[in-house]
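Understanding the architecture of this molecule
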Amino acid sequence: MKKLVMTVAVLACAASFVSAQVTSVNIVGYNKTTQAGLTLVSVDFDYDATGVTPEAVYGSTLPVGSKIYTYTPGVGYATAEYVDSFGSQFWTATPELGGMGAHWVETSGTPVSIYSGEVNTAGSVTNTLVAGLQLTSWPYPTEVTLSTMGIVPEVGDKVYTYTPGVGYSTSEYVDSFGSQFWTADPTIKV
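My aim in this report is to walk through the structure given alongside it, one point at a time.

1. As for the side chain of Thr70
Take Thr70: it is sitting in strand S4 (residues 67–72). Leaving out residues up to four positions away in the same chain, Thr70 has contacts with Gly76, Tyr77, Ala78, Pro95, Glu96, Leu97 and His103.

2. Looking at the sheet that holds strand S2 (residues 37–41)
Two strands in a sheet stick together by hydrogen bonds in their backbones, pointing the same way (parallel) or opposite ways (antiparallel). Strand order in the open sheet formed by five strands is S2-S7-S4-S5-S6, with antiparallel pairing between adjacent strands. Two strands bound the open sheet, and with one partner strand each, they are S2 and strand S6 (88–91). Each adjacent strand pair in this sheet contributes to an overall mean axis angle of 20°, direction not counted. As defined by bridge partners, S2 adjoins strand S7 (residues 103–107) across five bridges and the pair is classed as antiparallel. Its bridge partner being in S7, Leu40 is matched across the sheet by Trp104.

3. Comments concerning the pairing of S4
Note that S4 and strand S5 (residues 76–85) share six bridges and pair antiparallel. Counted as the bridge partner of Lys67 is Glu81 from S5. The loop that links S4 with its antiparallel partner S5 comprises three residues; one of these, Gly74, has a positive phi angle of about 80°. Pairing analysis gives three bridges linking S4 to S7, with the strands arranged antiparallel.

4. Some remarks on the environment of Leu135
Counting through the fold element by element, Leu135 comes out in the loop between strand S8 (113–119) and strand S9 (144–145). Note: C-alpha distance between Leu135 and Pro73 (62 residues apart in sequence) is 8.5 Å. Ignoring anything within four residues of it in the chain, the contact list for Leu135 reads Leu40, Tyr71, Tyr77, Met100, Gly101, Ala102, His103 and Trp104.

What counts and what doesn't
- Residues numbered from 1 in each chain as written.
- Predicted model: local features only at pLDDT ≥ 70, side-chain atom pairs only at ≥ 80, totals over all residues.
- Heavy atoms only, no water.
- Helix = DSSP H or I, 4+ residues; strand = E, 2+ residues; numbered from the N terminus.
- Contact = heavy atoms within 4.5 Å.
- Pairing = 2+ DSSP bridges.
- Axes fitted to C-alpha atoms, helices over the stretch in contact; angles between N-to-C directions.

Put into structure tokens, the structure is as follows:
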């Protein structure tokens, strides 16, 4: 009997060592938005296959009356509003917020919106930019400078960054006496 108990104890101990070696490749993170007014936002996390809609990202964390503006190159802006109708709150539209895009969030009150998800762990991500104006984002939930993003620019390309309460700043890719460079190197925030 002692031999059987000892064998079971050794097997249980071995099983715990084996299970301790299991690791996860999933990295999760979160972003907290507390800015009132107009804010430029991107969803830097992988969501499930049901789509990255305002309901999936924000749910009911934004105040009633909040608006989301999405931009489609060549088409223009579309608006989704968080409304209250007879005690039921919902979004008036379900634009896609994920991928490499960005969107505007406008609130009248101070939101406390925390959204989270699985961090993209790919070593590199390709974001195809079309000619003209568009809203794009960095695919990772980290700050990065324009010069370290790996963009392959052409002379005349411009990047506009927006700081709430301050406005836009512009960086243009220029050629000066055979040397090509960005006129500014802004930090792209999460």
